[in-house]
Amino acid sequence: MTTLNRDEKSLLLFLETRAVDYSGRVATQRMNADDWQILKRWTETGFIESGRIASDYLSRDGSHWVLLSEEAVSVAHRLRRERATRCWANKAYLTTAEKRNAPVAASTASALDTGVSN
């Protein structure tokens with residue numbers, strides 16, 4: 001189960017978020033027909049456990065529950081680490097340390113020397 005396609009990766013990260021941040025409640029309105037097929041397959045193979053929440057306990061946070069296997073947690077962790085690395089590499093800001101160590105642009109340097117701002 002280590003090789004997942006894009007839809008499976010997306011669903012696993014969604015389910016991992018729901019398992020961690022919502023006590024396993026799954027907001028099924030955010031799932032499409034393909035997601036349901038994947039969820040069913042994963043449940044049948046033991047990659048995850050899932051089911052319906054008893055009607056007395058339904059809420060807007062979800063009508064179904066999910067519990068990830070150790071393997072699913074491990075794969076989700078690897079995917080989160082890969083995403084964090086990609087996002088960090090593409091961030092649209094500098095840290096203060098990066099800013100301090102960045103070379104001064106030529107136009108900025110000349111403006112500082114002359115006291116004129118651009």
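Let me begin by describing the structure that accompanies this report. This structure is a prediction, so every number in the text was calculated from the model and none was measured.

**With respect to the pattern of salt bridges**
Okay, step 1: For the coordinates displayed, the defined rule picks out 4 salt bridges.
Okay, step 2: Residues Glu8 and Arg41 are paired through a salt bridge, measuring 2.3 Å at the closest nitrogen-oxygen approach. Here Glu8 is found in helix 1 (residues 6-21), whereas its partner Arg41 is found in helix 2 (residues 33-45), with 33 residues between them in sequence.
Okay, step 3: Residue class for Glu8 comes out buried when judged on its relative accessible area of 10%.
Okay, step 4: For the salt bridge of Glu16 with Arg80, the shortest nitrogen-to-oxygen distance reads 2.8 Å. Taken together, the residues Glu16 in helix 1 and Arg80 in helix 3 (residues 70-89) connect sequence positions 64 residues apart.

**Here's the deal with the packing of helix 1 against helix 3**
Okay, step 1: At a minimum axis separation of 10 Å, helix 1 and helix 3 run at an interaxial angle of 105°. Judged on the interaxial angle alone, helix 3 and helix 1 are roughly perpendicular. Where helix 1 approaches helix 3, its residues Lys9, Leu12, Leu13, Glu16 and Thr17 are matched on the opposing element by Ala72, Val75, Ala76, Leu79 and Arg80.

**Observations regarding unusual backbone geometry**
Okay, step 1: Not every positive phi belongs to a glycine, and Ser23 is a case in point at roughly 55°.
Okay, step 2: Mapped onto the fold, Ser23 is located in the loop between helix 1 and strand 1 (25-26).

**Focus on the nonpolar core**
Okay, step 1: Leu11, Leu12, Leu15, Trp42, Phe47, Ile48 and Leu68 are the most contacted members of the largest nonpolar core, which has 19 residues in total.
Okay, step 2: Elements with a contribution of two residues or more to this core: helix 1, helix 2, strand 3 (64-68) and helix 3.
Okay, step 3: Here Leu12 is in contact with Leu4, Trp42, Phe47, Leu68, Ala72, Val75, Ala76 and Leu79, once residues within four sequence places are set aside.

Procedures and definitions
- Residues numbered from 1 in each chain as written.
- Predicted model: local features only at pLDDT ≥ 70, side-chain atom pairs only at ≥ 80, totals over all residues.
- Heavy atoms only, no water.
- Salt bridge = Lys/Arg side-chain N within 4 Å of Asp/Glu carboxyl O.
- Helix = DSSP H or I, 4+ residues; strand = E, 2+ residues; numbered from the N terminus.
- Buried < 20%, exposed > 50% of the residue type's maximum accessible area, 1.4 Å probe, protein only.
- Axes fitted to C-alpha atoms, helices over the stretch in contact; angles between N-to-C directions.
- Parallel < 35°, antiparallel > 145°, perpendicular 65-115°, else oblique.
- Contact = heavy atoms within 4.5 Å.
- Core = buried A, V, L, I, M, F, W, Y, C linked by side-chain atoms within 4.5 Å.

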